[in-house]
Amino acid sequence: SVMSGFSSHVQKKEKHTHTQSYRADIISTVEFNYSGELLATGDKGGRVVIFQREQESKNRLLSRGEYNVYSTFQSHEPEFDYLKSLEIEEKINKIRWLPQQNAAHFLLSANDKTIKLWKISERDKRAEGYNLKDEDGRLRDPFRITTLRVPVLMPMDLMVEASPRRIFANAHTYHINSISVNSDYETYLSADDLRINLWHLEITDRSFNIVDIKPANMEELTEVITAAECHPHQCNVFVYSSSKGTIRLCDMRAAALCDRHSKFFEEPEDPSSRSFFSEIISSISDVKFSHSGRYMMTRDYLSVKVWDLNMENRPVETYQVHEYLRSKLCSLYENDCIFDKFECCWNGSDSAIMTGSYNNFFRMFDRNTRRDITLEASRENSKPRAMLKPRKVCTGGKRKKDEISVDSLDFNKKILHTAWHPKENVIAVAATNNLYIFQDKVN
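Predicted, not measured: the structure shown is a model, and the values here were computed from it. (Residues numbered from 1 in each chain as written. Predicted model: local features only at pLDDT ≥ 70, side-chain atom pairs only at ≥ 80, totals over all residues. Heavy atoms only, no water.)

Describing the pairing of strand 27 (residues 372–376)
By the criterion of burial, strand 27 is predominantly enclosed, with four of the five residues buried. Here five bridges tie strand 26 (residues 361–366) to strand 27, and the two strands are oriented antiparallel to one another. When the bridges of strand 27 are listed, Phe365 appears paired with Asp372. Counting the residues that bridge the hairpin from strand 26 to strand 27 gives five residues, and of these Arg370 lies at a positive phi of roughly 65°. (Buried < 20%, exposed > 50% of the residue type's maximum accessible area, 1.4 Å probe, protein only. Helix = DSSP H or I, 4+ residues; strand = E, 2+ residues; numbered from the N terminus. Pairing = 2+ DSSP bridges.)

Considering the sheet that holds strand 15 (residues 208–212)
Taken together, four strands build an open sheet; the order of strands is 12-13-14-15 and the sheet is antiparallel. The two strands at the open ends of the sheet, each matched to only one other strand, are strand 12 (178–181) and strand 15. The average undirected angle you get between the axes of adjacent strands in this sheet is 20°. (Axes fitted to C-alpha atoms, helices over the stretch in contact; angles between N-to-C directions.)

Quick look at the pattern of salt bridges
Counted by the stated rule, this structure contains 26 salt bridges. For Asp43, the salt bridge goes to Arg47, with nearest N and O atoms at 3.0 Å. For Asp43, a relative accessible area of 2% puts it in the buried group. Of the charged contacts in the structure, one is a salt bridge between Glu128 and Arg126, with a shortest N-O distance of 3.1 Å. Classification of Glu128 by relative accessible area gives partly exposed; the value is 21%. Taken together, the shared-partner salt bridges connect Glu267, Asp300 and Lys305 into one network. (Salt bridge = Lys/Arg side-chain N within 4 Å of Asp/Glu carboxyl O.)

Observations regarding the sheet that holds strand 4 (residues 47–53)
Taken together, the four strands give an open sheet; going across it, the order is 2-3-4-5, and neighbouring strands pair in antiparallel fashion. Whereas interior strands pair on both sides, the edge strands pair on one side only; in this sheet they are strand 2 (27–32) and strand 5 (67–74). With direction set aside, neighbouring strand axes in the sheet form an average angle of 20°. Where strand 2 lies against strand 3 (residues 38–43), five bridges are found, and the strand directions are antiparallel. Residue pairing across strands places Ile27 opposite Asp43, the latter belonging to strand 3.

Description of the pairing of strand 16 (residues 225–230)
Counted residue by residue, strand 16 has six buried out of six residues, so it is predominantly covered. Pairing of strand 16 with strand 17 (residues 237–242) involves five bridges; the strand directions are antiparallel. Bridging from a neighbouring strand, Glu229 pairs with Val239 of strand 17. The antiparallel hairpin formed by strand 16 and strand 17 contains six residues in its connecting segment.

Structure follows, in C-alpha cells:
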C-alpha cells in the first residue's frame, strides 16, 4: 500500500530559500505542475522558486529524480492602497500551473489582490553578427558597413527567464484565498472572502462575478468563503467552502450569477460534542476535488472529510488528524493557532490523502486499508535518504518510550502546505522556511 512505502523508506531533501531577518522566506504555497517535473513554491517575500526534477542517469541511480532549483523570480512587490490606507503585502497566497502547450511553462500566482500569469522559458542560443551594432552592443558607423552579414545563432549558457504575460488586478475588494484553473484551460476562477470571479486567461480588464455573498448590511455578515475550486472534468461546475463548515456546489449553466447553489453539503452537528469552539473548528480551510471528479475532500481544524458528490447529507469518510488537540482548544484559541488554515491533497490515484499538523508532523491516510500514519519533516530526525520513523502522540495514561506528549508539541512548527506528485509517490512538505521532498525507497 502507499502507506507502508512512505512510512518506512523515504528520501529527504532540504531546500533553503535565503534566510532573512524578517522571515520573508516562510513558504506560503507549494504546487507540482501537471507532469510533476516542476515544483513551485511561493513565500511571504513575494518570491516564486521553481524546482526541476533532474533526469535519471545510469551512473547516478541513487539520486532518482532529485529536485534542484530551476528558476527564482520576484512575483509580487509590497504595495500601498492610498484610498483605503492599507498595506498590501507581497506574500504569495496561491500558485496554479497551466497545462504545458509548448516548450514554455505558464503559472498563475496570486497575492491578496492581484493575480499574475507568468511565462517561464529557456534560452540557450543568442544571435551574433549583427550589421548595425558590434558584439558589445555599440552602434557601428554606417560608413564602415561595406558588406551584408547574416546573423547566426550561437550556443550560450542556459538561461531560464520568467516574464509576466498578464496581470489581473482590481477585481477583489477582499483578500484572495483561492485560484483554480478550469478544465477548459481557457478560464479560471479567483475567490476572496465574499466573492468569486471568473476570468478568461487572455482578458485582464474584466472578469465575471459568479458568486457574491456580501450582505447589504455588513453587520449581518455571518459567513465567509474560505476556498473554491473548479471541477477537474466539467468546466461548468465548481465548489466553494465556507467558514460555517458547509460546501456549495454550483453549476454555471443554471445562471450567470451562481448565488443559488445546485448542491449543499453539510454534516449535521453532534449535539453532545458542542462547545464554545464548535463554530471555529468547523470552518473549512481547504477543499479539493479528487482527480476522478467523483469525490471532494475538505479539511477543518481537527479532521479531513471525503464527500461523494452524489451524497450531500454527510461525508463518506472522516479522518481524525489530531483529535488529541480537542482538549487543548482553549490554549490554541489564546495563541491564535485555532485559526490556522491547513491544506490537504490527494495522491495521483485518489487512494491516499495527506494533510499537515503541528510539531512539523504530517498525516497520511490510506483510503483502502483505512491505515494512517504520522510522519515528521524536520532537519533533526531525517538525514537525506534516511528512513522516516512513524511518530506517535501520547493522548493520556502512561507515555511509552517513543511517544511524544501532547504538552511538548511545538505549535510554532506547523505544516500548512503540502503537495503530492500527480503520478508518483513523491511528496513536497513545507515546514516554515524549509521544503522537504520525500519519496518511496529507491530499490
